[in-house]
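One letter stands for each residue in the lines below.
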Amino acid sequence: MSQTAASNNAIRSYTPPNRILLGPGPSELHPRAMAALGQPVVGYMDPSFVQMMDEIKVLMRYAFQTENALTFPASGPGSVGMETCFVNLVEPGDKVVVCRNGVFGGRMIDNVERCGGVPVVLEQTWGQAVDPNALEDLLKQHPDAKIVAFVHAETSTGAQSDAKTLCEVARRHNCLTIVDCVTSLGGTPVLVDQWGADAVYSGSQKCLSCTPGLAPLTFSERAVEHVRARKKKGQSWFMDLTLVLEYWGATQRTYHHTAPGNSLYALHETLLLLREEGLENAWARHHNNHMALRAGLETFGLNYVVPEAARLPQVNSVWVPEGIDELALRRRLLLEFNLEIGAGLGPLAGKIWRIGLMGYSCRPENVLACLSALGTAMADLGLPADSVAAQAAAQAVYSQLKIAA
Ligand SMILES: *Cc1c(COP(=O)(O)O)cnc(C)c1O
């Protein structure tokens, strides 16, 4: 037996620690999703499985607030959702306006380039919403643009843009829209039909609290016609909508790829949870817990990165206090308090913390645990933070909102 094989004998079953997940995703898995994952595997053509797939499509239309026929979850993380939209809609030579106000807008530019498209970038200040007037001006300069792409909820900064207005501007200039709703779906209003958005993608592991690895997608009739009218096949076999549809869309289904069945059971369960709670109630829950967390964070003297009007309740980005080792503090929160918060990305790395309140993670007990742990860790560094006062400030918000914490 080789040395490597012998040392492999030390490997045991993996048991992950039970963390409080308050980062920018993944969020904690809802117990009902966890139970759904442990159900037996069935074949991807099993009539029972096919019925569950049909129900997922119905529940997804509710979550997205759309009547779009082409609504299904792609087998892959949010990034596969993003790429599916670009590889299907963008043809070589197409001019695509991409609004960049954070990391994910940057990935959209990369997607356009890899599809052979020509990106026209609307550079916006990180931490702010995309300015619809700036988009209008840019589209006037580029009357041949075919698509406008933007991120509704920029998880890298915590800023939300006005998707309805941005879609209206794009339509006025005869452009289709690709909208990233990975972090917004289930946390803040995503109103696909009211916006008139054309290709919208999301992720399973943020405000839906499902396992990572699925990407809810929805396409308008206009987007479907656009894909059908392509002159040339897209570069991706796996993500080609016309092929995937033979499995997800057809009445006579044919094999395309083996669906991640157990993850889909969990998605079915979390979409059902969202319908049981009601979208408005889910949005209100995210807002209320955000208000309580914010009251506590403000007692620590922490300032939000994003102006109030564009602030996402599910991504609380605050500036890190001057002169501290923020990585060491986050490590302590994780290892000693079992609590994960997020760091800054790109130019904001080391400068901000991102405290997520997403899906099942978005609960009063987690808000209070976060204020307790963060307050303790900050006070130990000599910063003026009092966790008891912070928790009291959060409790006061809950009392005002009549929520028992
Ligand atoms: C998380 C995220 C993605 C990518 O999702 P993955 O599941 O990590 O691939 C894309 N866009 C936004 C805005 C996100 O927050």
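Residues numbered from 1 in each chain as written. Predicted model: local features only at pLDDT ≥ 70, side-chain atom pairs only at ≥ 80, totals over all residues. Heavy atoms only, no water.

Q: Would you mind showing me how to read the sheet that holds strand β9 (residues 199-201) here?
A: Sheet strands associate in pairs through backbone hydrogen bonding, adopting either a parallel or an antiparallel arrangement. With mixed pairing, 7 strands are arranged side by side in an open sheet as β2-β10-β9-β8-β5-β3-β4. The outermost strands of the open sheet, each flanked by one partner alone, are β2 (70-75) and β4 (118-123). The mean angle between the axes of side-by-side strands here comes to 20°, regardless of whether they run parallel or antiparallel. Of the strand pairs in this sheet, strand β8 (residues 176-180) and β9 are connected by 3 bridges, and their pairing is parallel. For Asp 180, the partnering residue across the bridge sits in β9 and is Tyr 201. (Pairing = 2+ DSSP bridges. Helix = DSSP H or I, 4+ residues; strand = E, 2+ residues; numbered from the N terminus. Axes fitted to C-alpha atoms, helices over the stretch in contact; angles between N-to-C directions.)

Q: Before we go on, may I ask you to explain the domain arrangement of the chain in this structure?
A: How big an interface is tends to be stated in terms of the accessible area lost upon association of its parts. In terms of domain boundaries, the chain breaks down into domain 1 (39-275) and domain 2 (278-401). Its C-alpha centre places domain 1 at a distance of 29 Å from the equivalent point of domain 2. Between domain 1 and domain 2, the residue contacts involve 29 residues of the former and 24 residues of the latter. For the pair domain 1 and domain 2, the summed buried surface comes to about 2,000 Å²; carbon and sulfur atoms form 66% of the total. Inspection of the region where domain 1 meets domain 2 yields 0 salt bridges. Here domain 1 and domain 2 share 11 residue pairs in polar contact (both at pLDDT 80 or more) between them. Mapped by element, the contributors of at least two residues to the side of domain 1 that touches domain 2 are α3 (47-64), β6 (153-154), β7 (159-160) and α11 (261-277). Of the residues that constitute the side of domain 1 that touches domain 2, the class distribution is 12 nonpolar, 14 polar and 3 charged. (Domains from an automatic or database assignment. Contact = heavy atoms within 4.5 Å. Buried area = accessible area lost by both parts, 1.4 Å probe. Salt bridge = Lys/Arg side-chain N within 4 Å of Asp/Glu carboxyl O. Polar contact = N/O pair within 3.5 Å; in protein donor to acceptor, adjacent residues only side chain to side chain. Nonpolar A, V, L, I, M, F, W, Y, C, P; charged D, E, K, R; others polar.)

Q: Looking at this model, I keep getting lost on the packing of aromatic side chains. Mind explaining?
A: By convention here, two paired aromatic rings are described through the distance between centres and the angle between planes. On inspection of all chains with the given rule, the structure shows 5 aromatic pairs. Note on Phe 72 and Trp 248: the rings are 6.1 Å apart at their centroids and 35° apart in plane angle, and the pair reads as tilted. Taken as a pair, Phe 72 in strand β2 and Trp 248 in helix α10 (residues 241-248) lie far apart in primary sequence, 176 residues in all. Accessibility classification places Phe 72 together with Trp 248 in one group, the buried group. (Phe/Tyr/Trp six-rings, centres within 6.5 Å; stacked < 30°, edge-to-face > 60°. Buried < 20%, exposed > 50% of the residue type's maximum accessible area, 1.4 Å probe, protein only.)

Q: I'm lost on the environment of Ile 147 in this one. Help?
A: Of note, Ile 147 is situated in strand β5 (residues 147-151). Overall, the relative accessible area of 0% leaves Ile 147 in the buried class. Placed 30 residues apart in sequence, Ile 147 and Thr 177 show a C-alpha to C-alpha distance of 5.6 Å. Contact partners of Ile 147, with chain neighbours within four places excluded, come to Leu 89, Val 90, Lys 95, Val 96, Val 97, Cys 175, Leu 176 and Ile 178.

Q: Is there a simple way to think about the packing of helix α12 (residues 279-299) against helix α14 (residues 364-380) in this case?
A: At a closest axis distance of 10 Å, the pairing of α12 and α14 adopts a crossing angle of 15°. It follows from the interaxial angle that α12 and α14 lie roughly parallel. Pair α12 / α14 crosses with right-handed handedness. Seen from α12, the contacting residues are Asn 289, Ala 292, Leu 293, Gly 296 and Leu 297; seen from α14, they are Pro 364, Val 367, Cys 370, Leu 371 and Leu 374. (Parallel < 35°, antiparallel > 145°, perpendicular 65-115°, else oblique. Left-handed = near helix turned anticlockwise from the far one by under 90°.)

Q: Please clarify how unusual backbone geometry should be interpreted in this entry.
A: Note on backbone geometry: most residues besides glycine have negative phi, and most peptide bonds are trans. Going from Gly 25 to Pro 26, the amide bond is cis rather than trans, its omega being 0°. Note on placement: Pro 26 falls in the loop between β1 (20-22) and α2 (31-37). In this structure, Gln 65 is a non-glycine residue whose phi angle is positive, near 55°. Tracing the backbone through its elements, the reader meets Gln 65 in the loop between α3 and β2. Owing to a relative accessible area of 33%, Gln 65 belongs among the partly exposed residues under this scheme.

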